[in-house]
Amino acid sequence: MDKQRRKDLIEAYKEIKTFMGVIQITNRHNGKIFLDSYPNLKNKWTTIQAQLDMGRFANAGLQQDWKTQGADAFKYEVLEQKDSADVTDVRWELKMMLKPWLEKLQPYGDRGYNRPPAN
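Position numbers for residues start from 1 in each chain and track the written sequence from start to end. Owing to the predicted nature of the model, reporting of local features is limited to residues with pLDDT of at least 70; listing and counting of side-chain atom pairs is limited to 80 or more, with chain, interface and lining totals taken over all residues. In computing side-chain values, all of the structure's heavy atoms are included and hydrogens and water are not.

Caption draft 1: Summary view of the overall build of the chain. Within the chain, the regular secondary structure consists of 4 helices and 3 strands. Listing every helix and strand of the chain by position from the N terminus yields α-β-β-α-α-β-α. A principal-axis box enclosing the C-alpha atoms of the chain has dimensions of 55 × 30 × 20 Å. Relative accessibility under 20% of the residue-type maximum defines a buried residue, over 50% an exposed one, and the middle range a partly exposed one, all with a 1.4 Å probe and only protein chains included. Each of the 119 residues in the chain was classed as buried or not, and the buried ones make up 35%. Considering only residue pairs separated by 6 or more positions, the chain has 62% of its internal contacts joining residues 24 or more positions apart. Accessible surface area values rest on a Shrake-Rupley calculation with a 1.4 Å probe, where residue burial reflects the displayed protein chains alone. Working note: accessible area of the chain is about 8400 Å², and carbon and sulfur atoms make up 49% of it. Taken together, the 20 basic and 16 acidic charged side chains of the chain have centroids lying 4 Å from each other. Helix and strand definitions follow DSSP, with helices as H or I runs of at least four residues and strands as E runs of at least two, each counted in order from the N terminus. Residue contacts are counted whenever heavy atoms from the two residues lie within 4.5 Å of one another. By the counting scheme adopted, Arg and Lys are positive, Glu and Asp are negative, and His together with the chain ends is not counted. Taken as the charge centre is NZ of Lys, CZ of Arg, CG of Asp or CD of Glu, depending on the residue.

Below is the structure:
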């Protein structure tokens, strides 16, 4: 690959927009949901599925249900997204995006896989 082609590819890569946001995974069998936020939503569902398939997902309850009920029992959706280029403090912004969804959907106990917030 010549230097100009490499430079063009690097510039094209830099122009690709990335979106951060809040996702929801829903168990179709029991209605439980899992909410989380991520700095880059591109291919996130593929990544999460791979972690679940390998038994390496951080949420033990969701991991257990995935193992017993299988991938077809779950649905993935993006609840909210924002262009990452517009954000200076990604961690804070993700926290602020996730908070109202947690308050609204209350994915705790029998309703979901998330841990209740510490008071």
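Caption draft 2: The arrangement of the environment of Thr-88 in detail. Along the chain, the position of Thr-88 falls in the loop between strand E3 (74-83) and helix H4 (90-105). Classification of Thr-88 as exposed rests on a relative accessible area of 84%. Sequence separation between Thr-88 and Ile-48 is 40 residues, and the spatial gap between their C-alpha atoms is 26 Å.

Caption draft 3: A look at the sheet that holds E3. Sheet architecture is open: 3 strands sit in the order E2-E1-E3, paired in antiparallel fashion. Edge strands, defined here as strands with exactly one partner in the open sheet, are strand E2 (33-38) and E3. Taking each pair of neighbouring strands and ignoring which way they run, the sheet shows an average axis angle of 15°. Bridge count between strand E1 (residues 19-27) and E3: 9 bridges; the pairing is antiparallel. Bridge assignment links Ile-25 to a residue of E3, and that residue is Tyr-76. Along the sheet face, helix H3 (residues 60-69) touches E1, E2 and E3 and points at about 140° away from the line of E3. Note on definitions: angles span 0 to 180 degrees between N-to-C directions of axes, and those axes are lines fitted to C-alpha atoms, for helices only across the stretch in contact. Contacts from H4 reach E1, E2 and E3, with the element oriented near 30° to E1. Paired strands, as defined in this entry, are two strands with at least two bridges between them according to DSSP.

Caption draft 4: Local environment of the nonpolar core. We define a nonpolar core as any set of buried Ala, Val, Leu, Ile, Met, Phe, Trp, Tyr and Cys residues linked to one another through side-chain atoms lying within 4.5 Å. Among the nonpolar cores identified, the biggest contains 15 residues, and Ile-25, Ile-48, Leu-62 and Phe-74 are the most heavily contacted of them. Where this core is concerned, the elements lending two or more residues are E1, E2, helix H2 (44-53), H3 and E3. Ranked by the residues each element gives to this core, the list is headed by H2, at 3 residues. The contact partners of Ile-25, leaving out residues within four places of it in the chain, are Lys-32, Ile-33, Phe-34, Trp-45, Ile-48, Leu-62, Phe-74, Lys-75 and Tyr-76. If you look at the next biggest cluster of nonpolar residues, it comprises 10 residues, including Met-20, Val-22, Trp-101 and Tyr-108.

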